[in-house]
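# Structural characterization, general
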Amino acid sequence: MKLTLDVWRQPDAASPGAFETYVVTDATAEMTLLELLDRLNDQLVEDGREPVAFESDCREGICGCCGVDVDGRPHGPQANTPSCEQHVRSFADGDRVVLEPLRAAAFPVVKDLVVDRSALDRVVQAGGHVAVDAGTAPDADAARIGHETAETALDFAACIGCGACVAACPNGSASLFTGAKLTHLATLPQTRTERGRRAVDMVAQMEHDFGPCSTYGECAVVCPAGIPLSAIAAVGKERMRAFLRGRTG
Amino acid sequence: MAVPTSTRPEPDRVPAVERPSAGPQPQPATWVLKVVMAVTGTVFALFVVVHLVGNLKVFLGPEEFDGYAHWLQRDLLAPLVPHGWFIWIFRSTLLTCLVAHVWAAVVLRHRARVARGPHRRQGLRSFRSFQARSMLVTGVVLLFFVVFHVLDLTTGTRPAATGEFVAGQAYANLVSSFQRPAVAAFYVLAIGTLFLHLAHGLWSVVNDLGATGRRLRAIGAAVAGAVGLLVLVGNLLIPVAVLTGVVA
Ligand code: HEM
Ligand code: SF4
Ligand code: FES
């Protein structure tokens, strides 16, 4: 199968980038998107050219580092699927495919398809402090948590921090990401004690780098962890709750 | 060697999170602007629905319609407030909301552009995204319409109003206004625009005001759509009735 790839090449954050066109003639339907890039890089290296930089680690949808924009869509054509689990079978023989880094002002390009997503880490950092001396790990059953509650917390904890929601958003908003973290932590008894302070700090940090939500709903379409759109409502809910309870951070 | 009992800082001395992309926090906070948007938008939505109920009295004939208009202007809330006061309290509230709504909208859209950066999101085809993306455009059309509408049917200022405008004759003014096809067409356009703005706006309200529960969100989505459709169909009946001579 033959694919023409328009790939974004950019040496570093300070230099301008541009598309370069490559042709891969021996792509196969069962290849993943990353394997397609591996194949392209083999060719480039054989020709003595610089391979395309892209990030990958687990290649099974759990580490969150592989996201690239495919034809303007974060991760690729398949909904709720990370780039490492997108397949060439989504394209037809002879197709032209545009590959770019995830786009958002908060995600500067490191090189080619690799972006710096540490703005998301800073949001997590802002919420991550525990104000009590937690001591050793408590017994597993010291605080009893019902099955439903545990499942809800886990559903929102499933976010892998890939940043696709931000890149999918025309506003560059990180509401789905932040809402997932806030919901996950507000649901469990140990982390609930910091609920108000965390909402104030995480939302402030989020607003520092990311845009407002206008309810496009594009984030939930691409999220590989299947975080539901209700997470964006959790941002307003947790922040207003903190305000009404007089929390200032 | 002394082992520190805790290396954790005291809660009140928690170091501020390092912010490499530091700079002043946006003021007012984005979440505050979103609450302003949601509250003022909801006020407009309620107004539009009540306004529709009033409008539909046109089908009951001139006495009913003019009597209702008179009651709004003179007697509503009297004697709680003196005769004629309600309308001014009402108008100043709406005007304040309008200023706040437009201001918050412009600031939010600006922040959104900055946060997105130079590479715009492309290839969005869903109706939801179309509505969301056109909120500023539909809002500006509504703003023009509101100004025109007030000049036409409230103050009777020409050329927005017809030459036959008579203060207090709400029914006759409405009929003569809609007998101008261009005005009827602009009205239909504005109502279509209102549907796009309102149906998406109310869904945004559901989210901005923090409805996370599954059932609440389902109800919210249904109400947003239903209110949008109700306002669309209800208001369209009026120019159609005038142009077909049902209301004359
Ligand atoms: C009858 C008049 C209007 C009604 C019923 C109305 C209603 C609403 C509602 C309910 C929302 C959702 C609020 C939220 O985000 O939670 C909204 C948002 C919005 N409105 Fe209006 N509005 C009206 C007039 C205007 C005008 C005159 C503008 C002018 C510029 C405007 C611009 C916007 C924009 C840009 C948003 C989206 C904000 C965002 O993306 O977060 N609206 N409107
Ligand atoms: S919410 Fe979903 S799309 Fe956003 S960072 Fe987490 S896993 Fe990625
Ligand atoms: S490589 Fe780990 S999620 Fe794709």
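Residues numbered from 1 in each chain as written. Chains lettered and ligands numbered in written order. Predicted model: local features only at pLDDT ≥ 70, side-chain atom pairs only at ≥ 80, totals over all residues. Heavy atoms only, no water.

The helix and strand tally for chain A stands at 9 helices and 7 strands. Counting only C-alpha atoms, chain A reaches 60 × 35 × 35 Å along its principal axes. Out of the 249 residues in chain A, the part that is buried amounts to 55%. The contacts in chain A between residues at least 6 apart in sequence include a share of 68% that link residues at least 24 apart. Approximately 10,400 Å² of chain A is accessible, and the part contributed by carbon and sulfur atoms is 50%. Of the charged side chains in chain A, 23 are positive and 35 negative; the average position of the first set lies 8 Å away from that of the second. (Helix = DSSP H or I, 4+ residues; strand = E, 2+ residues; numbered from the N terminus. Buried < 20%, exposed > 50% of the residue type's maximum accessible area, 1.4 Å probe, protein only. Contact = heavy atoms within 4.5 Å. Areas by Shrake-Rupley, 256 points an atom, 1.4 Å probe, with all protein chains shown as cover. Lys, Arg positive; Asp, Glu negative; His and termini not counted. Charge placed at Lys NZ, Arg CZ, Asp CG, Glu CD.)

To continue, consider the interface of chain B and chain A. Every contact between the two is made by 48 residues of chain B and, on the other side, 48 residues of chain A. Of all residues in chain B, B:Trp31, B:Arg116 and B:Arg121 give up the largest surface area on contact with chain A, accounting jointly for 20% of the area buried on that side. Counting every contact that joins chain B to chain A gives 1 salt bridge. Measuring nitrogen to oxygen at the nearest pair gives 3.8 Å for the salt bridge that ties B:Arg121 to A:Glu218. Residue assignment for the side of chain B that touches chain A shows that the elements contributing at least two residues are helix H1 (30-55), helix H3 (85-116), helix H4 (127-133) and helix H7 (181-208) of chain B. Ranked by residues supplied to the side of chain B that touches chain A, first place goes to H3(B) with 7 residues. Of the residues in the side of chain B that touches chain A, the class split is 20 nonpolar, 16 polar and 12 charged. (Buried area = accessible area lost by both parts, 1.4 Å probe. Salt bridge = Lys/Arg side-chain N within 4 Å of Asp/Glu carboxyl O. Nonpolar A, V, L, I, M, F, W, Y, C, P; charged D, E, K, R; others polar.)

With that out of the way, let us pick up the pattern of salt bridges. Counted by the stated rule, this structure contains 15 salt bridges over all chains. Two residues, A:Arg96 and A:Asp6, come together in a salt bridge whose shortest N-O distance is 2.9 Å. Of this pair, A:Arg96 sits in strand S5 (residues 96-100) while A:Asp6 sits in strand S1 (residues 3-9), and the two are 90 residues apart along the sequence. B:Asp208 is paired through a salt bridge with B:Lys34; the nearest N and O atoms lie 3.2 Å apart. Taken together, the positions of B:Asp208 in helix H7 and B:Lys34 in helix H1 put the pair 174 residues apart, joining distant regions of the chain. The exposure classification of B:Asp208 matches that of B:Lys34, with both residues buried. Linked by salt bridges that have partners in common, A:Asp26, A:Arg39 and A:Asp42 make up one network.

Another aspect to go through is the coordination of the iron atom of ligand 1. Residues and elements named next belong to chain B. Each protein donor to the iron atom of ligand 1 is listed here as His101 (NE2) and His197 (NE2); together their distances run 2.0 Å. Around the iron atom of ligand 1 sit 6 donor atoms; with metal-centred angles ranging over 87 to 179°, the donor geometry is octahedral. Pair noted here: His101 is in helix H3 and His197 is in helix H7, with a separation of 96 residues, a long-range link. What makes His197 buried here is its relative accessible area of 15%. (Donors = N, O, S within 2.8 Å, 3.2 Å for Na, K, Ca; no water. Tetrahedral: all angles 85-135°; square planar, octahedral: opposite > 155°, others 65-115°.)

Judged by how many residues are buried, helix H6 (residues 170-178) of chain B sits mostly within the fold: 7 of 9 residues are covered. Close packing links the buried residues of H6(B) with helix H2 (62-75), helix H5 (135-155), H7 and helix H8 (214-243) of chain B.

Let us look at the site of ligand 1. Residues in close proximity to ligand 1 total 26 residues, the closest being A:Ser214, B:Lys34, B:His101, B:His197 and B:Asp208. Residues within reach of ligand 1 are spread across chains A and B. Note that a nitrogen atom of ligand 1 is positioned 2.8 Å from one of the side-chain N or O atoms of B:His197. Secondary-structure elements contributing two or more residues to the shell around ligand 1 are H1, H3, H5 and H7 of chain B. Along the lines of polarity and charge, the residues of the shell around ligand 1 split into 16 nonpolar, 7 polar and 3 charged. (Near = heavy atom within 4 Å. Polar contact = N/O pair within 3.5 Å; in protein donor to acceptor, adjacent residues only side chain to side chain.)

Next up on the list: the domain arrangement of chain A. You'll often see interface size given as the accessible area lost when the parts meet. Residue and element names in this part refer to chain A. On domain assignment, one finds that chain A holds domain 1 (3-111) and domain 2 (118-244). A straight line from the C-alpha centre of domain 1 to that of domain 2 covers 29 Å. Facing 17 residues of domain 1, the contacting portion of domain 2 comprises 18 residues. Each partner contributes to the roughly 1,200 Å² buried at the junction of domain 1 and domain 2, and carbon and sulfur atoms together form 65% of this total. The largest contributions to the domain 1 side of the interface with domain 2 come from Pro74, Asn80 and Phe107, which together make up 38% of the buried area. Along the contact surface separating domain 1 from domain 2 lie 0 salt bridges. For the pair domain 1 and domain 2, the interface holds 3 residue pairs in polar contact (both at pLDDT 80 or more). Tallied by class, residues from the side of domain 1 that touches domain 2 come to 9 nonpolar, 5 polar and 3 charged. (Domains from an automatic or database assignment.)

For B:Asp208, a relative accessible area of 11% puts it in the buried group. The spatial distance from the C-alpha of B:Asp208 to the C-alpha of B:Val35 is 6.7 Å, given a sequence separation of 173 residues. With residues up to four places along the chain from it excluded, the contact list for B:Asp208 reads A:Gly236, A:Met240, B:Lys34 and B:Ala38.

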